[in-house]
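# Overview (structure and organization)
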Amino acid sequence: MQKILMKGNDALAEAAIEAGCRFYAGYPITPQNEVPEHMSRRMPEVNGIFIQAESELAAINMVFGASAVGARAMTSSSSPGISLKQEGISYLAGAELPAVIANIQRGGPGLGNISGSQADYFQAVKGGGHGDYRLLVYAPWTVQEMWDLTLRAFDKADEYRNPAMILSDGIVGQIMEPIVCTRYKRPKLPQKDWALTGCAGRKPNVVKSLFMGEGALEEHNLKLKEKYGRMKKTEVLYDSLYLDDAELIVAAYGIAARIASSAVRKLRKEGHKAGLFRPVTLFPFPEKKIADLCNSKRRFLTIEMNLGQMVEDVRLAVNGRAQVDFYGRPGGGVMTTEELYNVISNKIISGQNAMPLRHSPQKSQ
Amino acid sequence: MTTATRPMTLKELSRSEERFTHGHRMCSGCGAPIVVKQVLMATDYPIVAANATGCLEVSSCISEYTAWKIPWMHSAFENAAATMSGIETMYRAWKKKGLIDKEVKFIAFGGDGGTYDIGFQSLSGAMERGHDMLYVCYDNGAYMNTGIQRSSATPYGADTTTCPAGDVIPGKPQKRKDLTKIMAAHNIPYAAQASPAHWQDMIKKVRKALDIKGPKFLNVISPCNRGWRSRTDDAIQLSRLAVDTCYWPLYDSNTSLLRRIRGCSRKSRKI
């Protein structure tokens, strides 16, 4: 198939249209503006609906409404905007409504900056909003995966009746790469017989997240737990590089994994036994695979563009059977291949702990 | 202390302190810093400012630098009016306890996105609660900071990146929100529209507003050459044209009395 040059954010938006998404509500925030801009141009061409809301709160609740009537609905934002959407996301999860939410992460906390970051891992993976819920979280590391995982996210959201999140970042969102725009093939999915499509001739449907009856909410939560359990069994995706004989396994996702992969390849060329493990789904987390990888010779090094978030899940999966270290750059700091090469080779050669932070804050002149 | 009764002369203006100073990183030819400068030069009251996220906020406080010579606070996009409400309430409490005796004035600045759209709720709340503050909206008609997306201040038919004009859809299909009218409908003591091209009028309005106790709203047109695709030296000319063509009538609303100063005369319609 022919390759075309595309920006990460445009690939995400176009993939949503390819997957049959005909409802998009968004709000401007850098670095995800290409998504609403692309949608505003393309949606009228495919008889879809683009709405620029007056705030992130409005956008996520528009998605709630569209999803409740059975539409494939999507919204996107970047970190501060995703924080504003959390109430709506919790309601979507509570009412078991499928939707796709893209977070093109930027540096935080607060207004932070507009460069790529991975600091929203906890927010995406551990719930984010109130209540006991989980999102399906996909972490693309290339523009190609922005396309592929978006197609998948819509299907899985519908299959599980659960919101799915594309947890990308400002770098993957902004880079341009040649990609193959694979055609969407609709898998067999359950009918949306719960959707509010007009109840003439049938019993009215109810979509709600309010359960006031004695024990009703507990029962609902246990039902959700069972659903998350099913996701953990069947939806785990991961990717790896040189794992077989690796003595040091670098665990990283998204853009950090991309940078780390270059460093790992360089080290392999020099004969060092380094490998890369990349979770593609962050929830469900590939904890079983990581547990299987543990042996007495192996050590793990988690690399993230934050102060250490996924490392907690790696440690939980390893459960004390191997040493797990961490190297991170927070606040939109981007690591270089050379930097990671040094970090990883130091780790391999001397076994010394990775420095948690390379930079002390510099005063600009 | 300033009073609204007397207009300021150019000579006086040249002597008044610049409290929004050079060195900020707004685009050359932007209307917003001109608006802020004029607002702050209009008075010699001590001012505390709050700022919504937007071009003005981002470009005036990069890293450890600031263009503001007054206490200035930014928190997020949707809450300049709420932030100011908190500051003003604290000031009132201090005053009551005798901890401060200075007469301080409070001004919140926001762009049209942070005022018409996401910040509307907090603005409406602050106006209704009656905080003693002036809210100044610099309206450039779109989300310019994030790359020219439509806002509810974007005029009908305008071409933005999220309502692109093409063969089928000629630009923004909706009409703009008349926010000044909505603010006046809050029955606040003072709501007005101004333009940096009519600086005498704007300064008079700011002075008048600051001398009134209670919530005040000032909507100022602020051309953006990046968004409007105009020349970098066109800002003042365009804001004058906006007034002359009745796009931006200059008026003020004093509680319920609507008074037009300059705008839709039959003569100006011919432009």
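Residues numbered from 1 in each chain as written. Chains lettered and ligands numbered in written order. Predicted model: local features only at pLDDT ≥ 70, side-chain atom pairs only at ≥ 80, totals over all residues. Heavy atoms only, no water.

### Here's the deal with the interface of chain A and chain B
Taken together, the contact between chain A and chain B spans 20 residues of the former and 21 residues of the latter. A buried area of about 1400 Å², summed over both sides, lies between chain A and chain B, and 55% of it is on carbon and sulfur atoms. Between the two partners, chain A and chain B, sit 0 salt bridges. Linking chain A to chain B there are 9 residue pairs in polar contact (both at pLDDT 80 or more). (Contact = heavy atoms within 4.5 Å. Buried area = accessible area lost by both parts, 1.4 Å probe. Salt bridge = Lys/Arg side-chain N within 4 Å of Asp/Glu carboxyl O. Polar contact = N/O pair within 3.5 Å; in protein donor to acceptor, adjacent residues only side chain to side chain.)

### Brief notes about the pattern of salt bridges
Inspection of every chain in the model, using the stated rule, returns 32 salt bridges over all chains. Its salt-bridge partner being Glu34 of chain A, residue Lys7 of chain A comes within 3.0 Å of it at the nearest N-O pair. Separated by 27 residues along the polypeptide, Lys7 of chain A in strand β1 (residues 3-7) and Glu34 of chain A in helix α2 (residues 34-42) bring together distant segments of the chain. For the pair shown, Lys7 of chain A and Glu34 of chain A are each scored as buried. Between Asp252 of chain B and Lys208 of chain B there is a salt bridge, with its nearest N and O atoms 3.4 Å apart. Taken together, the residues span a long stretch of sequence, with Asp252 of chain B in strand β7 (residues 250-254) and Lys208 of chain B in helix α8 (residues 199-211) at a distance of 44 residues. For Asp252 of chain B, a relative accessible area of 4% translates into the label buried. Here the residues in one salt-bridge network are Arg72, Asp155, Asp158 and Lys192 of chain A, joined through shared partners. (Helix = DSSP H or I, 4+ residues; strand = E, 2+ residues; numbered from the N terminus. Buried < 20%, exposed > 50% of the residue type's maximum accessible area, 1.4 Å probe, protein only.)

### What to know about the domain arrangement of chain A
All names here are of chain A. Considered domain by domain, chain A is made up of domain 1 (4-234) and domain 2 (238-350). The partner domain 2 presents 28 residues to the 34 residues of domain 1 that form the contact. Note on domain 1 versus domain 2: buried area summed over both sides is about 2500 Å², and carbon and sulfur give 58% of it. It is Gln118, Tyr121 and Trp141 in domain 1 that bury the most area against domain 2; as a group they hold 35% of the surface buried on that side. (Domains from an automatic or database assignment.)

### Considering the packing of aromatic side chains
Inspection of every chain in the model, using the stated rule, returns 14 aromatic pairs over all chains. Geometrically, the ring pair formed by Tyr121 of chain A and Phe122 of chain A is edge-to-face, given 6.3 Å between the ring centres and 65 degrees between the ring planes. Given the relative accessible area of 30%, Phe122 of chain A is considered partly exposed. Among the aromatic side chains, those forming a connected cluster through ring pairs are Phe20, Trp68, Trp72 and Phe109 of chain B. Sitting over the face of the ring of Tyr341 of chain A, Lys266 of chain A holds its NZ or CZ atom 4.3 Å from the ring centroid. Against the face of Tyr45 of chain B rests Lys105 of chain B, its NZ or CZ located 4.9 Å from the ring centre. (Phe/Tyr/Trp six-rings, centres within 6.5 Å; stacked < 30°, edge-to-face > 60°. Lys NZ or Arg CZ within 6 Å of the ring centre and 35° of its normal.)

### Quick look at the confidence of the model for chain A
Looking at chain A as a whole, its pLDDT mean stands at 94, while 96% of the residues score no less than 70. Predicted confidence is poor over residues 353-365 of chain A, with pLDDT under 50, and the contacts of this stretch with residues over four places away or in other chains come to 24 contacts. (pLDDT = per-residue confidence, 0-100.)

### Here we look at a nonpolar patch on the surface
Taken together, the side chains of Met90, Trp94 and Leu99 of chain B present a nonpolar region at the surface, about 320 Å² in accessible area. For Trp94 of chain B, the position within the fold is in helix α4 (residues 80-97). (Patch = residues over 30% accessible without salt bridge, like charges linked within 9 Å, V, L, I, M, F, W, Y side chains within 5 Å. Areas by Shrake-Rupley, 256 points an atom, 1.4 Å probe, with all protein chains shown as cover.)

### Considerations on helix α2 (residues 32-41) of chain B
Judged by how many residues are buried, α2 of chain B sits mostly within the fold: 8 of 10 residues are covered. Turning to α2 of chain B, its buried residues number three or more, namely Ala32, Pro33, Val35, Val36, Gln38, Val39, Leu40 and Met41 of chain B.

### Here's the deal with the sheet that holds strand β13 (residues 299-304) of chain A
All names here are of chain A. Taking strand neighbours across the sheet as the criterion, the 5 strands line up as β9-β11-β10-β13-β14 in an open arrangement whose pairing is mixed. Every interior strand has two partners, whereas the edge strands, β9 (238-241) and β14 (323-328), have only one. When the angles between neighbouring strand axes are averaged without regard to direction, this sheet yields 20 degrees. Against the sheet, helix α9 (residues 254-269) makes contact with β9, β10 (248-251), β11 (274-279) and β13, and its axis sits at roughly 160 degrees relative to β11, the strand it touches most. (Pairing = 2+ DSSP bridges. Axes fitted to C-alpha atoms, helices over the stretch in contact; angles between N-to-C directions.)

### Some remarks on the packing of α4 of chain B against helix α6 (residues 120-129) of chain B
All names here are of chain B. Remark: α4 packs on α6, axes separated minimally by 7 Å, with the N-to-C direction vectors making an angle of 35 degrees. Where α4 abuts α6, its residues Ala80, Ala81, Ala82 and Ser85 lie against Ser122, Leu123, Ala126 and Arg129. Counted by class, the contact of α4 with α6 contains 5 nonpolar, 2 polar and 1 charged residues. (Nonpolar A, V, L, I, M, F, W, Y, C, P; charged D, E, K, R; others polar.)

### A short note on the pairing of β11 of chain A
Residues and elements named next belong to chain A. By the criterion of burial, β11 is predominantly enclosed, with 6 of the 6 residues buried. Neither face of β11 is left uncovered, since the one carrying Ala274, Leu276 and Arg278 and the one carrying Gly275, Phe277 and Pro279 both have all their residues buried. Strand direction decides the pairing type here: β9 and β11, joined by 4 bridges, are antiparallel. Bridging across to β11, Leu241 finds its partner in Leu276. Two elements, β10 and β11, share 4 bridges in a ladder whose sense is parallel. Its bridge partner being in β11, Ile249 is matched across the sheet by Gly275. Handedness of the crossover is the feature at issue here: the chain leaves β10, passes through α9, returns alongside β11, and the resulting connection is right-handed. (Right-handed = clockwise from strand over helix to strand, strands pointing away.)

### Some thoughts on the pairing of strand β1 (residues 47-51) of chain B
All names here are of chain B. Buried residues dominate β1, accounting for 5 of its 5 residues. Residue alternation in β1 divides its side chains into two sets, Ile47, Ala49 and Asn51 and Val48 and Ala50, and both sets are buried. Bridge count for β1 against strand β3 (residues 105-111) is 5 bridges, and the pairing is parallel. Paired with Ala49 across the bridge in β3 is Ile107. As defined by bridge partners, β1 adjoins strand β2 (residues 72-74) across 3 bridges and the pair is classed as parallel. Looking at the pairing, Ala50 lines up with Met73 of β2. In this fold, β1 hands off to helix α3 (residues 55-60), which returns the chain to β2; that crossover is right-handed.

### Things to note about the sheet that holds strand β12 (residues 281-283) of chain A
Residues and elements named next belong to chain A. Pairing is mixed across the open sheet formed by 7 strands, whose spatial order is β3-β2-β4-β5-β7-β6-β12. Bordering the open sheet on either side are β3 (49-52) and β12, each of which pairs with just one other strand. Within the sheet, the average angular offset between the axes of one strand and its neighbour, ignoring direction, is 20 degrees. Note: strand β5 (residues 99-105) against strand β7 (residues 163-169), 7 bridges, orientation parallel. Bridge pairing in β7 places Gln105 opposite Asp169.

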